[in-house]
Structures are given as C-alpha cells and as structure tokens.
Amino acid sequence: PPHQGPPLETRFMDRLFAVLHSLVREWSPEGAEERRACFLPLLDELSSRLPPSPPYGRRVLVPGCGLGRLVAEAAGRGYAAQGN
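Remember, predicted model here, so these are calculated numbers, not experimental data. (Residues numbered from 1 in each chain as written. Predicted model: local features only at pLDDT ≥ 70, side-chain atom pairs only at ≥ 80, totals over all residues. Heavy atoms only, no water.)

> Can you walk me through the overall build of the protein in this structure?
The helix and strand tally for the protein stands at three helices and two strands. Starting at the N terminus and walking to the C terminus, you meet the elements of the protein as α-α-β-α-β. For 84 residues, the compact-globule formula gives about 12 Å, and the C-alpha radius of gyration of the protein, at 17 Å, lies well above that figure. Overall, the protein is about 55 × 25 × 20 Å in size when its C-alpha atoms are taken along their principal axes. Per-residue burial for the protein yields a buried fraction of 21% across its 84 residues. A separation threshold of at least 6 residues defines the contact pool for the protein, and within that pool the share at least 24 residues apart is 42%. Per element, the accessible surface of the protein, about 6,400 Å² overall, is 62% carbon and sulfur. If you average the places of the 10 positive and of the 9 negative side-chain charges in the protein, the two averages end up 8 Å apart. (Helix = DSSP H or I, 4+ residues; strand = E, 2+ residues; numbered from the N terminus. Rg over C-alpha atoms; globule rule 2.2 N^0.38 Å. Buried < 20%, exposed > 50% of the residue type's maximum accessible area, 1.4 Å probe, protein only. Contact = heavy atoms within 4.5 Å. Areas by Shrake-Rupley, 256 points an atom, 1.4 Å probe, with all protein chains shown as cover. Lys, Arg positive; Asp, Glu negative; His and termini not counted. Charge placed at Lys NZ, Arg CZ, Asp CG, Glu CD.)

Right under this line is the structure:
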C-alpha cells in the first residue's frame, strides 16, 4: 500500500540516497571502477609498507569504513582487518 504516514523529511531521503549510493559503490558490479580507483591505491600502499604476515595477518583498522568493502578487500589480502 502507499505510504500512509506523515511526509518523509528531506534529510531522511538524503540519508537513504547516501546509503543506497554507498551500497552500489561498494558491493555492485556498477561500482567496480570507482572501487578500483579508490581502494587499489590504498591497498597497494598498505601492502608495500606493511606486508601481511601469515597465519593470522597483521592487524589493520579501517576507520570510517562505510559498508565494509575496504575491510573485506584488506582481509582478502591476508590482513586481520576491522572496520569502525
């Protein structure tokens, strides 16, 4: 059924748009090019300065990690990554 409550405030719609944009950027095929441009330089620099060390990997904190894609990419490279 159509929305029955009070009108949605613009700030809520802005936040919804921001979350959906982040979701597309971080997890969809459509965001792959933007991820390559933003994440690869960071991950490459991390690897050159602090190579992962098996078996548990070096611990890396990713502040402001959004929806967690950069954390997942770092973990995929062998780091014990955590986002906040």
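The rest of the description comes next.
> I would appreciate a short explanation of the pattern of salt bridges in the present structure.
As a working rule, side chains carrying opposite charge can pair if their charged atoms are close by. Applying the stated criterion to the full structure yields five salt bridges. Two residues, Arg-25 and Glu-26, come together in a salt bridge whose shortest N-O distance is 3.5 Å. Residue Arg-25 is classed as partly exposed on the basis of its relative accessible area, which comes to 23%. Between Asp-44 and Arg-77 there is a salt bridge whose closest N-O contact spans 3.2 Å. Note that Asp-44 is positioned in helix 2 (residues 32-49) and Arg-77 in the loop between helix 3 (69-76) and strand 2 (80-83), a separation of 33 residues in sequence. The class of Asp-44 is partly exposed, set by a relative accessible area of 42%. According to the relative accessible area criterion, Arg-77 is partly exposed, its value standing at 31%. (Salt bridge = Lys/Arg side-chain N within 4 Å of Asp/Glu carboxyl O.)

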